[in-house]
Structures are given as C-alpha cells and as structure tokens.
Amino acid sequence: MDSVGIFKAMVRAGKFPHAMLLEGPGAKDFAQFVATTAVCTAAEKPCGQCAACRKAADHAHPDILPFYPVGAKKQYPVETVRQIRTDAYVLPNEAARKVYILYDVDNIAPPAQNALLKILEEPPAHVVFVLTCLQKSALLQTVLSRVLLFACGGEDSFSEQAQHAAEEMLKAVLSVKELDLLQLTHAASSDKQLFLETLAAMAALIRQAWRCKCGLPDINPAAKELAGGMTTAALLKMIDAVDTVANAVRANGNMRLCATRLCALLKSAAGK
Ligand SMILES: [Zn+2]
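Residues numbered from 1 in each chain as written. Predicted model: local features only at pLDDT ≥ 70, side-chain atom pairs only at ≥ 80, totals over all residues. Heavy atoms only, no water.

Here the focus is the coordination of the zinc ion. Within the protein, the atoms that donate to the zinc ion are C40 (SG), C47 (SG), C50 (SG) and C53 (SG), at distances of 2.3 Å. Taken together, the four donor atoms coordinating the zinc ion and their angles of 105 to 115 degrees define a geometry best described as tetrahedral. Within one chain, the residues serving as donors to the zinc ion are arranged as C-x6-C-x2-C-x2-C. A residue is classified by how much of its surface remains accessible, and C47, at 10% relative accessible area, is buried. (Donors = N, O, S within 2.8 Å, 3.2 Å for Na, K, Ca; no water. Tetrahedral: all angles 85-135°; square planar, octahedral: opposite > 155°, others 65-115°. Buried < 20%, exposed > 50% of the residue type's maximum accessible area, 1.4 Å probe, protein only.)

Structure representation (structure tokens):
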C-alpha cells in the first residue's frame, strides 16, 4: 500500500495521525491533502465538495495554518514554534481539527526542533501537525520518534504503452463503453508485467483526479477529465478496485479473470 492508501486506511479506522512527517517531492501535495481530509465534514473524506473542502482548496480555511521557513538558511525561528505551541491549545474555529503545516523543515535547527518536541509529545486532541521535507536527515531522533513518516515520491513514471493503456481504459469507464473496456483490459492483461504497470498507471491517474477534486493543480488531461466525470467517492472506490486487482495479479491469479474482474469492479465503482 502506498502512503495515500495507508493514510486513507488510518482515517477510515478513526485513527487520524496527530503528527506526520511527509518526505519527498510529493510532500506538499500530500500535506494539502491531509489538511483537507482533516477539516472535511463529509463521511468519505476529503469529499472535495463540502464548504470546508472548498475553503481548503482556496487556501482560506481558518483551521489550516501553513508555516514556511525564513531567511537564506530556511530556518524556523524558535519564537515561531513557541507561538504555534501556544496557539495549538486554542480550539479550532469551525472544523473538528486544527492543522499546522510546517513546510520545508529540511534545515530546521535543533533549538526549534526541541521547542516543537514539547507539543509533539502531548498534542491537544484537536491538533494535527504536518511537517514536510525533501530529506529528513536534519531531524533529531527525538522528533522522528514522535511523528508518523510518509514517503511522498511524487508520481511515478510509466512506459508509454502502460500509460496509454491506462488512459484508454479510464476513458472507456467514463464513456460507459463496456465492450471497449473489456477489450482494452484483456489486451493489457496478455503480459503480466505490462498489466501490473498499466494498473499502477491507472491508480496514479485516479489519484491525480482525486487530488484535482480536492483543488490541487492537475497536470494530466486524462486525470482532469476523470475528475470532471466522477464523484470523489467513485474515485476512491476505483482506486480500491485497481489495488484489489493488482494484488490478485501479483498473487498469480488467472490474468483473464483478473481483467474481467477489473472491468466489473470499475463499472460498479463508477456507478455505471
Ligand atoms: Zn469535504
């Protein structure tokens, strides 16, 4: 399971992490996603549609508080961390949680980390801390032991063939062309490696569409089209469908059956 999958599972289980460290090139996108999930008022979070999600997408939610390092050395002044600590005890304005995002903590100095540690050790129940970095090497062990680490590698790149197959399959789901979907899926499933790569490319596209719904910038036109035609709940189900089939393929399931199952699951997820 990737980081998004793990986070989703935790949220579903009612175990929203109190402190997270997001490491890698995709950390900022993921931080925005976590914050939106934290304030969303719908049952399936983030829904991308409620007032809270829309405010989060506009960077205008009063309970999402972003902080950035200052100066040439990209430092967090101890004073800033102390202010965050004091503010953290104040209840949220309108959401169930208050999210502090500390962007780019790559160079955060030990005194600021020690100041942060005091609140990370016993955060108030309504507070979520999200730290982002490219490299966690500057962080003290004491801080690392208090945060849940998520790797955020950014989107993977796939072979042209897998990417194309994934885009065509998602288009077929969108346009309810069942026969096309079946043919495309069976064609992709003729080779195990290609099939797995196509499934990974699909999952990546659906995740992009999902982030697009949460107001994050989107690059891939196929993902954008998908976001326009599907609800967030449908996209979540589609990701589960692709994951389920990928696991079955990895477990050496019959490829043709896996392909057929993928079609059925995607169709049902999309509500078509
Ligand atoms: Zn929402």
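Examined bridge by bridge, strand 2 (residues 64–67) and strand 3 (residues 98–102) share four bridges and lie parallel to one another. Counterpart to L65 in the pairing with strand 3 is Y100. Viewed along the sheet, the connection from strand 2 through helix 4 (residues 78–88) into strand 3 turns out right-handed. (Pairing = 2+ DSSP bridges. Helix = DSSP H or I, 4+ residues; strand = E, 2+ residues; numbered from the N terminus. Right-handed = clockwise from strand over helix to strand, strands pointing away.)

Inspection of the entire model under this criterion finds eight salt bridges. The partner of D240 in a salt bridge is R12, and the shortest N-O contact between them spans 3.5 Å. A residue pair is termed long-range when its members are at least 10 positions apart, and D240 in helix 11 (residues 232–250) and R12 in helix 1 (residues 3–12) qualify at 228 residues. A residue is classified by how much of its surface remains accessible, and R12, at 48% relative accessible area, is partly exposed. (Salt bridge = Lys/Arg side-chain N within 4 Å of Asp/Glu carboxyl O.)

Between the first and last C-alpha of helix 2 (residues 27–39) there are 19 Å, a value that for 13 residues agrees with the 18 Å anticipated at 1.5 Å per step. Counting buried positions over the 13 residues of helix 2 gives 11, a clear majority of the element. (Expected span 1.5 Å × (residues − 1).)

The contact between helix 9 (residues 192–213) and helix 11 brings their axes to 9 Å, and the two run at 160 degrees. On the basis of the axis angle, helix 9 is roughly antiparallel to helix 11. Relative to helix 11, the crossing made by helix 9 is left-handed. When helix 9 is examined against helix 11, the residues K192, F195, L196, L199, M202, A203, I206, R207, A209, W210 and K213 are found in contact with a partner set consisting of T232, L235, L236, M238, I239, V242, V245, A246, V249 and R250. Looking at the contact of helix 9 with helix 11 residue by residue, the class counts come to 16 nonpolar, one polar and four charged. (Axes fitted to C-alpha atoms, helices over the stretch in contact; angles between N-to-C directions. Parallel < 35°, antiparallel > 145°, perpendicular 65-115°, else oblique. Left-handed = near helix turned anticlockwise from the far one by under 90°. Contact = heavy atoms within 4.5 Å. Nonpolar A, V, L, I, M, F, W, Y, C, P; charged D, E, K, R; others polar.)

A few words now on the sheet that holds strand 5 (residues 148–151). Reading across the sheet, the five strands line up as 2-3-4-1-5 and stay open at both edges, with parallel pairing between neighbours. Taken across any chain shown, the strands that pair with only one partner, and hence form the sheet edges, are strand 2 and strand 5. Across the sheet, the mean angle separating the axes of adjacent strands is 20 degrees when strand polarity is ignored. With five bridges connecting them, strand 3 and strand 4 (residues 127–133) associate as parallel partners. Opposite L102, over in strand 4, you have L131 as the bridge partner. Set on the sheet, helix 1 makes contact with strand 1 (19–23) and strand 5; between it and strand 5 the angle comes to about 140 degrees. Its contacts with the sheet put helix 4 on strand 2, strand 3 and strand 4, and the angle it makes with strand 3 is roughly 170 degrees.

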